[in-house]
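Chain and residue survey
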Amino acid sequence: MFRRVETGGYEEFVAGRYREIVRFGALLAGDGRLGEDLAQEGLIAAYRSWPKLGGPDGRPEAYVRRVMVRTAMRARRRRWSGEVPTGEMPDASGPGFADQSDLSVQMFDVLRGLPAEQRVVLVLRFWADASESEVAQTLGVAVGTVKSRTSRALAALRAGGLLLETSKEMQ
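Residues numbered from 1 in each chain as written. Predicted model: local features only at pLDDT ≥ 70, side-chain atom pairs only at ≥ 80, totals over all residues. Heavy atoms only, no water.

As for the nonpolar core
Formally: Residues grouped as a nonpolar core are buried Ala, Val, Leu, Ile, Met, Phe, Trp, Tyr and Cys residues, joined through side-chain atoms within 4.5 Å. For the exposure calls, accessible area comes from a 1.4 Å probe over protein chains only, and a residue counts as buried if that area is under 20% of its type's maximum, exposed if over 50%, partly exposed in between. The numbering of helices and of strands both runs from the N terminus, where a helix is a DSSP run of H or I of at least 4 residues and a strand a run of E of at least 2.
L28, M68 and V69 are the most contacted members of the largest nonpolar core, which totals 38 residues. Within the residue set of this core, elements represented by two or more residues are helix 1 (10-29), helix 2 (32-48), helix 3 (50-53), helix 4 (60-77), helix 5 (102-113), helix 6 (116-127), helix 7 (132-139) and helix 8 (143-159). Element by element, the count of residues in this core is highest for helix 1, at 10 residues.

What follows is the structure in structure tokens.
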């Protein structure tokens, strides 16, 4: 299934950046466990392309994030994921980082309720600290689309009680 690739540095990359990559995926998906799935998709793609990414000009984390964003956007279009529920639930794992505070639980609830396009724009703009033009380029949309999605998503966060109105909006 996997072809043999030169993986020098790959293990160090994963060990050093795994937690941040999973957090990014959890924010994209609005769910911690789905975020781990997104991270795995990105890391598998990076493994396959490691000979190009592992060099001095490679940007493996940017590549992994791009794969994760595209996977998250594709997942929203999919009606059925192929998963079939079972009668027995597996043992529950320990609490993830998203379960550590009431605010993070509330944030994930609101993020989960947003359309995928708005959620991805928020994560890229405010967590990954990308500019509007960088987000537009990543998603293949116009800058105006990024602005309108950001505006709608922030309005939803305000409606959920997670953001206060700015002084400009109160005038």
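Notes on the confidence of the model for the chain
A low pLDDT score tells you not to read the predicted coordinates there in detail. Operational definition: Think of pLDDT as the predictor's per-residue confidence, scored from 0 to 100. The contact definition used throughout considers only heavy atoms, calling two residues in contact when any of these lie within 4.5 Å.
Predicted confidence across the chain gives a mean pLDDT of 79, with 73% of residues reaching 70 or more. Long-range and interchain partners of residues 167-171, a stretch whose pLDDT sits below 50, account for two contacts in this model, where long-range means more than four residues apart.

Describing the pattern of salt bridges
Quick note on the threshold: The rule for a salt bridge is simple: a side-chain nitrogen of Lys or Arg has to be within 4 Å of a carboxyl oxygen of Asp or Glu.
In the structure shown here, the tally under the stated rule is three salt bridges. Notably, a salt bridge pairs E20 with R17, separated by 3.9 Å at the nearest N-O pair. Remark: R17 and E20 occur in helix 1; sequence separation between them is three residues, near one turn of the helix. Take E20: its relative accessible area is 24%, and that puts it in the partly exposed class. Taking the shortest distance from any N to any O, the salt bridge between E61 and R17 comes out at 2.6 Å. Here the residue E61 occupies a position in helix 4, and R17 occupies one in helix 1, the gap between them amounting to 44 residues. For R17, a relative accessible area of 29% gives the class partly exposed.

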